[in-house]
Every structure is written in structure tokens, then in C-alpha cells.
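The primary structure of each chain is shown beneath.
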Amino acid sequence: MPKFSTLAVHAGAEEAGQYGPGTTPIYQTTTFQLTDEVYKGMREGKSRDVLIYTRYDNPTVRAVERKIAALEGAEDALVFASGMGAISSALEAFLKAGDRLVCAEDLYGLTRVLVTGRLPALGVEVEIVPTTDKNAWKKALSRPAKVVYCEGISNPLLKLADLEVIANFGHRAGAIVMVDNTFATAYNSRPLEQGFDIVLHSGSKYLAGHSDLICGAAAGRKEMMHKLWDRRLMGGACLDPHAAFLMERGIKTMSIRVERQNANALQVASFLEGHPNVEWITYPGLASHPQNALAQRQFSGFGGVVTFATATDESALKLLRKMRLISEATSLGGVETVASMPMNTSHVRMSEAEMRAIGIRPGIIRLSLGIEDCEDVIDDLKQALS
Ligand code: PLP
């Protein structure tokens with residue numbers, strides 16, 4: 001079986017086609033020729049197996065889906081118009097009024113709004129569990145649940161979900177177990193091999209990798225992806241073919257990007273840990289991370305995000321403004337290093353009390369390492385922190 005980097009380059013690519021193109025052609029079309037075979041497929045409920053209309057499916061979209069399935073070791077995969085398109089489709093495809101969702105406390109801000117606001121309003125019973133507390137997971141999953149949801153490495157505090165433990169308890173409760181693995185990346189982490197049913201990504205981050213695309217992905221067993229495909233069809237969060245082409249192109253270089261980002265993040269985290277103006281820091285690759293042993297066991301690399309804090313929100317904002325090479329911008333996983341504060345970006349919809357309750361303290365900065373020469377990034381941090 002070819003390994004990750006080989007699959008990233010070759011898997012899913014379109015067959016040569018009429019002109020033998022070296023890359024996947026962009027099928028920039030809304031619609032496809034209707035034939036007897038297409039009508040038959042539609043009549044038999046096999047609309048996903050034929051080409052009808054691009055909201056249903058498209059060959060460029062299918063190419064990147066096959067690539068992602070190969071990378072995740074999944075039977076099947078789907079791409080979406082955004083990470084939130086993938087996440088909300090996955091939760092809404094498998095949950096209905098009266099169902100129970102058991103969910104980690106540490107989540108991307110909008111996912112948290114979705115699970116604490118929208119889903120309960122639709123009649124879903126939601127129980128939030130402290131992400132790193134095994135006993136709390138065990139207790140919450142001692143009664144039946146329909147879905148279990150967590151982030152492999154959480155945004156922004158970089159807490160780890162113990163994937164094997166959560167998958168085991170989740171399955172004992174009869175649940176479909178899902179992970180948003182955006183921060184951990186498809187390169188560093190293998191949640192499906194650790195028992196998870198569905199892995200989700202904001203593809204806008206490490207998959208696409210160049211901060212020029214909004215997209216999302218899900219991977220898992222065929223029958224689950226089929227249900228999710230139906231939800232995507234109705235919700236409309238399909239990916240445009242041109243974006244699918246860019247996503248596939250981005251994924252081809254993922255392994256070398258993420259390797260550099262892992263290395264840069266570890267080096268920058270070690271630098272920041274020793275700096276007198278840094279009040280607090282977390283990075284799963286540091287020995288000081290409370291779950292470093294789990295990180296070593298569970299991941300092949302620790303990701304490109306380092307989260308640290310200066311004394312106050314004001315000093316953190318000042319620091320961002322002094323950075324020259326590093327952009328004051330949200331998002332992560334791109335080739336360029338960016339830094340932002342969760343309290344005024346990704347988690348802005350949480351109240352201050354909610355943020356404090358989960359440990360988002362004042363002065364927190366989320367730093368996403370790119371692929372620049374690490375010395376230059378450290379020099380920029382040095383001058384900004386001085
Ligand atoms: N999941 C995580 C962990 C994220 O950080 C984000 C966005 O920042 C999302 C999901 C949402 O992804 P998108 O912006 O592609 O909708």
C-alpha cells in the first residue's frame with residue numbers, strides 16, 4: 001500500500017481522459033448530459049453513482065474526495081463548501097429531536113455555538129464533557145448516546161481528546177463517534193484506525209494549505225458518507241469544482257508542509273517557553289504539556305499551532321501589532337505564519353465567563369506556524385516581545 005506522501009500526490013487523480021491530462025481537469029459545469037443510464041440510476045435511488053447536476057456530484061469533486069478517503073484510510077469521503085458545512089451536515093445528518101449528543105467542552109467557537117445553541121433548540125439533548133477527563137467521558141457515556149463529538153487537538157487551548165478511550169466509551173453507548181481533526185491534521189493523526197467512525201476537517205486549513213480557500217471534508221464508512229451526502233445535497237454545502245481542483249492541488253504538498261509546520265511549531269514553542277514576557281504556553285510537543293505522553297503515543301507530529309499568553313489582552317494585542325513578518329490574521333494551517341486572539345476572533349461569540357470557565361485566559365494568542373525559515377519567525381517574535 002502506498003504511503004501518505006505518495007497517496008497525497010497520486011490518489012484520486014482522474015483517469016487520463018480524452019487528452020491524457022497530467023492533473024485533474026476542472027469540470028466547471030452545472031449540469032451533465034442526461035442518458036438512460038442516468039435516469040435508471042435516479043429511479044433506483046443511486047443518484048450519487050451517476051452524474052446529474054453539480055450539487056449532487058462532479059468529477060473534480062469526486063477526485064479530491066477519493067484522495068481524502070485514501071489519506072484517511074476511509075472507504076469514502078465527501079468535501080463541503082466549508083469546514084462548518086461538513087460539521088453541521090455531519091451533526092444534523094445523524095441527530096434528530098430527542099437524540100443525545102455527548103460532546104467535548106473544548107471546541108472551535110462556532111461549533112460550540114452550534115452544539116450549545118442550535119442543536120438544543122432543535123430538541124437534541126446535549127451533554128458537554130471536560131475534554132481531558134476520562135472518568136467524565138465514562139460517566140456521560142454510561143447511558144445511550146447517538147453521537148459523540150470532539151476535536152483531536154482542541155481550538156485554541158490544544159487539549160487532546162484521548163481517541164481510543166472516547167471511541168471505546170462512545171461505541172459502548174451505541175454512538176457514532178466523530179472527531180474534528182483539523183488541528184491534528186490527516187498527516188499526524190489516524191482517528192479512523194483508533195476506532196472513530198467519522199473524521200471531519202476544516203479543509204480551509206492544512207488540507208488546502210495556502211489560506212486561499214474555504215472548504216471542508218468528512219471521511220468514514222460508505223453508508224455513513226452516503227447519509228451525509230444526502231444531507232449535503234439538501235443543505236447545499238457542496239464544493240464548487242474550481243475550489244475542488246485547488247483543494248486537490250493543495251493536498252499534494254501536505255506532507256512536506258505539515259512536516260515543516262510541526263518542526264517550526266516545536267522550535268517556536270521551545271523559544272516562547274523560555275521567554276520572560278510569555279506568561280503561559282501550551283503545545284502538545286512540549287514536555288510541559290499535561291498530555292505530552294498521550295500526544296507522543298497518539299500522533300506522529302504535534303501540529304503547527306502554538307498557543308501562548310502575555311499578561312493581558314492589551315499587551316497581547318500590542319504584541320500582534322508589533323509583528324512584522326507574522327500577520328495579525330485569523331485561521332491556521334497556511335504556508336504563512338499568522339497570529340490572532342481567540343477572544344476577538346474564533347471564540348468571540350462566547351461570553352467572558354464561558355471563556356474563563358474552559359481556561360481561555362486573558363492575553364491568549366493562537367500562533368499558526370507556516371513554512372518560512374524558522375529563524376525569521378523567531379526573530380520577529382523576539383523583536384515584538386522585546
Ligand atoms: N474546526 C476548527 C477546529 C476550526 O478551527 C475551524 C475554523 O477556524 C472550523 C472547524 C470551521 O472551518 P471553516 O472555516 O472552513 O468553515
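Residues numbered from 1 in each chain as written. Predicted model: local features only at pLDDT ≥ 70, side-chain atom pairs only at ≥ 80, totals over all residues. Heavy atoms only, no water.

**Section: the sheet that holds strand E10 (residues 327–328)**
Pairing is mixed across the open sheet formed by five strands, whose spatial order is E8-E9-E12-E11-E10. The sheet is open, and its two edges are formed by strand E8 (280–282) and E10, each paired on a single side. Bridge count between E8 and strand E9 (residues 305–309): three bridges; the pairing is antiparallel. Among the inter-strand pairings, Ile281 is bridged to a residue of E9, identified as Phe308. Contacts from helix H11 (residues 254–273) reach E8, E9 and strand E12 (364–368), with the element oriented near 15° to E9. (Pairing = 2+ DSSP bridges. Helix = DSSP H or I, 4+ residues; strand = E, 2+ residues; numbered from the N terminus. Contact = heavy atoms within 4.5 Å. Axes fitted to C-alpha atoms, helices over the stretch in contact; angles between N-to-C directions.)

**Notes on the environment of Glu259**
Within the fold, Glu259 resides in helix H11. Using a relative accessible area of 42% as the deciding quantity, one classes Glu259 as partly exposed. At a separation of 2.2 Å, a polar atom in the side chain of Glu259 contacts the side chain of Tyr187. (Buried < 20%, exposed > 50% of the residue type's maximum accessible area, 1.4 Å probe, protein only. Polar contact = N/O pair within 3.5 Å; in protein donor to acceptor, adjacent residues only side chain to side chain.)

**Details of the pairing of strand E1 (residues 76–80)**
With respect to burial, E1 is a largely interior element, five of its five residues being buried. Residue alternation in E1 divides its side chains into two sets, Asp76, Leu78 and Phe80 and Ala77 and Val79, and both sets are buried. Pairing of E1 with strand E7 (residues 216–220) involves five bridges; the strand directions are antiparallel. Along E7, the bridge assignment pairs Phe80 with Gly216.

**Structural notes on the packing of helix H4 (residues 83–94) against helix H5 (residues 109–121)**
Where H4 meets H5, the closest approach of the two axes is 11 Å, and the angle between their N-to-C directions is 30°. Here H4 lies roughly parallel to H5, going by the angle between them. In the packing of H4 onto H5, the handedness of the crossing is right-handed. Across the interface between the two elements, Met84, Ile87, Ser88, Leu91 and Glu92 of H4 pack against Leu110, Thr111, Leu114, Val115, Arg118 and Leu119 of H5. By residue class, the composition of the contact of H4 with H5 is seven nonpolar, two polar and two charged. (Parallel < 35°, antiparallel > 145°, perpendicular 65-115°, else oblique. Left-handed = near helix turned anticlockwise from the far one by under 90°. Nonpolar A, V, L, I, M, F, W, Y, C, P; charged D, E, K, R; others polar.)

**As for the packing of aromatic side chains**
Taken as a whole and assessed by the stated rule, the structure comprises three aromatic pairs. On the basis of an interplanar angle of 85° and a centroid distance of 6.4 Å, the ring pair of Tyr283 and Phe302 is categorised as edge-to-face. With a gap of 19 residues between them, Tyr283 in the loop between E8 and helix H12 (292–298) and Phe302 in the loop between H12 and E9 connect regions that are remote in the sequence. Here Tyr283 and Phe302 have matching classes, each one buried. Stacked on the ring of Phe80, the Lys or Arg Arg232 has its end atom at 5.9 Å from the ring centre. (Phe/Tyr/Trp six-rings, centres within 6.5 Å; stacked < 30°, edge-to-face > 60°. Lys NZ or Arg CZ within 6 Å of the ring centre and 35° of its normal.)

**Focus: the pairing of strand E2 (residues 100–104)**
Successive residues of a regular strand alternate their side chains across the two faces of the sheet. The buried count for E2 comes to five of five residues, which makes it a mostly enclosed element. Residues of E2 alternate between two faces, with Arg100, Val102 and Ala104 on one and Leu101 and Cys103 on the opposite face, all of them buried. For E2 and strand E3 (residues 125–129), the ladder comprises five bridges, and the chain directions are parallel. Paired with Cys103 across the bridge in E3 is Ile128. Note that the unit made of E2, H5 and E3 has a crossover that is right-handed. Bridge count between E2 and strand E4 (residues 147–151): three bridges; the pairing is parallel. Its bridge partner being in E4, Leu101 is matched across the sheet by Val147. (Right-handed = clockwise from strand over helix to strand, strands pointing away.)

**Thoughts on the site of the ligand**
In the neighbourhood of the ligand, 14 residues make up the surrounding shell, with Gly83, Met84, Asp180, Ser202 and Ser204 lying closest. About the coverage of the ligand: the protein hides 91% of its 390 Å² of free accessible area. Sorting elements by how many residues they give to the shell around the ligand places H4 first, with three residues. Classifying every residue of the shell around the ligand by side-chain character gives five nonpolar, six polar and three charged. (Near = heavy atom within 4 Å. Areas by Shrake-Rupley, 256 points an atom, 1.4 Å probe, with all protein chains shown as cover.)

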